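# Tertiary structure, described
Below, each chain spelled out in residue letters.
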Protein chains: 2
Amino acid sequence: MIKIYGVHGSPFVRKVLIALDYKGIPYEIIPQMPFSGDKEYLKINPLGKIPTLVDGELTLGDSKVICRYIESAYPEPALYPTGTADKAMADWFEDLCGGAVAEMAAGIFFQRFMRPFAFKQEPDEELVAKIIEKRLPPMLDYLEGKLPEKGFLFGNFTMADLSIVSPFINASYAGYEVDPSRWPRMAGLITAVREVSEVKSVLEKEAKALGLG
Amino acid sequence: MIKIYGVHGSPFVRKVLIALDYKGIPYEIIPQMPFSGDKEYLKINPLGKIPTLVDGELTLGDSKVICRYIESAYPEPALYPTGTADKAMADWFEDLCGGAVAEMAAGIFFQRFMRPFAFKQEPDEELVAKIIEKRLPPMLDYLEGKLPEKGFLFGNFTMADLSIVSPFINASYAGYEVDPSRWPRMAGLITAVREVSEVKSVLEKEAKALGLG
């Protein structure tokens with residue numbers, strides 16, 4: 001059975017679990033915190049990040065790499081658009097939102113959720129304000145300009161939609177919501193993705209794991 | 001004609017130019033420094049990073065995304081392995097080496113090459129020593145354990161080989177070479193990739209652009 005090393009709450013683990021559920025592939029979660037310094041884990045993922053997938057002989061890190069592998073090994077139902085240009089755009093959104101956008105959202109989540117609840121520390125509100133007021137808006141403007149007025153990016157639900165939305169689920173745990181009057185398409189996409197049944201069920205498990213249930 | 005925004009010397013621009021040359025696709029380079037704050041450029045790439053590809057209606061950032069698009073739109077000659085597991089491993093190597101490994105190599109390159117030559121500043125040798133002695137060796141150990149004794153990872157030259165080697169070309173401009181007695185497979189792969197004719201010709205142009213010619 002496929003093994004996923006990680007914990008609920010990571011925007012990257014979430015993507016992989018939803019992809020597996022969507023395709024009806026059974027898996028086992030091996031609890032693993034990121035950056036734990038665990039030497040055995042560093043042998044399978046030298047970055048110490050989560051998730052890592054183990055499927056038989058194959059060991060892969062990075063949620064984007066893992067989700068592309070899942071799509072290639074278990075193609076139905078499809079989670080990526082067809083057509084060279086759409087596939088490339090989905091790939092770009094997944095990279096952008098799994099990189100810079102996820103880092104910004106993680107900054108809000110870490111300061112306002114992890115620090116007070118896991119580490120009993122005060123959040124750095126100056127850093128949070130800088131992210132919310134300076135760094136995120138240009139990204140949200142860019143994404144808003146690329147999204148359709150309604151529904152998913154490529155018609156059906158794809159990893160592009162989930163990749164764009166996943167960081168903002170973490171930001172929402174920390175009390176940040178995308179302003180629907182300023183970025184209506186983004187706010188609409190977040191609502192639409194949250195309504196996908198496989199997303200909903202993973203988010204329920206996650207809420208329990210994070211003590212929000 | 002395909003437009004590539006960027007400059008010679010970036011390990012990421014290099015990958016894309018080599019991929020295009022390898023497939024015999026003509027392109028035009030639009031000179032663009034990374035993180036220049038240029039507002040027009042931020043419209044096409046909100047990260048301000050290089051390269052960005054423009055092919056007709058399609059605009060894409062990130063060298064991995066761009067190279068996968070090039071492979072999909074212009075499949076011959078192939079630059080990725082075939083087979084689900086090999087493709088996934090190539091994808092993982094490209095992600096790992098374009099991410100954490102490239103950051104380490106960029107640290108060496110920036111301190112020892114860019115700071116003295118472009119900014120007339122002293123390098124931060126303490127930071128460089130930390131990268132060379134602490135952060136890089138576990139990555140090199142990991143890669144060494146994955147590489148074949150001789151030749152390329154998947155038989156023919158692929159983007160996986162180029163992605164692993166490209167950061168170390170920048171590190172070599174800054175006087176860092178992978179120790180062939182400690183990591184013989186890595187050192188051998190660097191030599192083998194440098195001998196690919198399309199790599200050689202891009203490196204010649206690059207040497208001129210960097211004033212090393």
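Residues numbered from 1 in each chain as written. Chains lettered and ligands numbered in written order. Predicted model: local features only at pLDDT ≥ 70, side-chain atom pairs only at ≥ 80, totals over all residues. Heavy atoms only, no water.

## Digging into the UniProt feature "domain: GST N-terminal" (unreviewed entry) in chain A
Filter applied, for reference: UniProt positions are given in the numbering used here, feature names are shortened, and annotations may be inferred rather than shown by experiment. The way it works is that DSSP assigns letters per residue, a run of H or I at least four long becomes a helix, a run of E at least two long becomes a strand, and they are numbered from the N terminus.
According to UniProt, the feature "domain: GST N-terminal" (unreviewed entry) maps to residues 1-78 of chain A in the numbering used here. Between the first and last C-alpha atoms of residues 1-78 of chain A the distance is 21 Å; the span itself is 37% helix and 23% strand.

## Side note on the pairing of strand β2 (residues 27-31) of chain B
Residue and element names in this part refer to chain B. Which entries qualify depends on this criterion: At least two DSSP bridges between two strands are required for those strands to pair. Throughout, right-handed denotes a crossover for which the path from the first strand over the helix to the second runs clockwise when the strands point away from the viewer.
Pairing analysis gives five bridges linking strand β1 (residues 2-6) to β2, with the strands arranged parallel. Bridge pairing links Tyr5 to Ile30 in β2. At this point the chain moves from β1, through helix α1 (residues 11-22), to the parallel β2, and the crossover so formed is right-handed.

## Regarding the interface of chain A and chain B
The test is simple: Contact criterion: two residues are considered in contact whenever any of their non-hydrogen atoms come within 4.5 Å of each other. In short, buried area is how much 1.4 Å probe accessible area vanishes from two parts on joining, totalled over both. Within this document, salt bridges are pairs made up of a side-chain nitrogen of Lys or Arg and a carboxyl oxygen of Asp or Glu, the two lying within 4 Å of each other. We define a polar contact as two N or O atoms separated by no more than 3.5 Å, with the added condition that, inside protein, one atom must be a possible hydrogen donor and the other a possible acceptor, whereas residues neighbouring each other in sequence contribute only through side-chain atom pairs. For this scheme, ten residues count as nonpolar: Ala, Val, Leu, Ile, Met, Phe, Trp, Tyr, Cys and Pro. Four count as charged, namely Asp, Glu, Lys and Arg, and the remainder, Gly too, count as polar.
Each partner contributes residues to the interface: chain A has 28 residues there, and chain B has 28 residues. The contact between chain A and chain B buries some 2300 Å² in all, and 70% of this surface belongs to carbon and sulfur atoms. Broken down residue by residue, the surface that chain A buries against chain B is led by Pro46, Leu47 and Trp92 of chain A, which jointly contribute 24%. At the surface where chain A touches chain B, the tally comes to four salt bridges. Between the two partners, chain A and chain B, sit six residue pairs in polar contact (both at pLDDT 80 or more). Elements with a minimum of two residues in the side of chain A that touches chain B: α2 (39-44), β4 (58-61), α3 (63-73), α4 (84-118) and α5 (125-146) of chain A. Examining the composition of the side of chain A that touches chain B, we find that ten residues originate from one element, α4 of chain A, more than from any other. A per-class count over the side of chain A that touches chain B returns 16 nonpolar, five polar and seven charged.

## Quick notes on the UniProt feature "domain: GST C-terminal" (unreviewed entry) in chain A
As recorded in UniProt, the feature "domain: GST C-terminal" (unreviewed entry) lies at residues 83-212 of chain A. The distance from the first to the last C-alpha atom of residues 83-212 of chain A is 40 Å, and the span holds 74% helix and 0% strand.

## Considerations on the nonpolar core
Note the threshold: Nonpolar cores were defined as sets of buried Ala, Val, Leu, Ile, Met, Phe, Trp, Tyr and Cys residues, with membership established by side-chain atoms within 4.5 Å. Only protein chains enter the accessibility calculation, which uses a 1.4 Å probe; a residue whose area is less than 20% of its type maximum is buried, one above 50% is exposed, and one in between is partly exposed.
Of all hydrophobic cores here, the largest spans 142 residues; its most connected members are Leu60 and Met186 of chain A together with Leu60 and Met186 of chain B. What Met186 of chain A contacts, discounting residues up to four positions off in sequence, is Leu140, Leu143, Glu144, Leu147, Ile164, Phe168 and Val178 of chain A.

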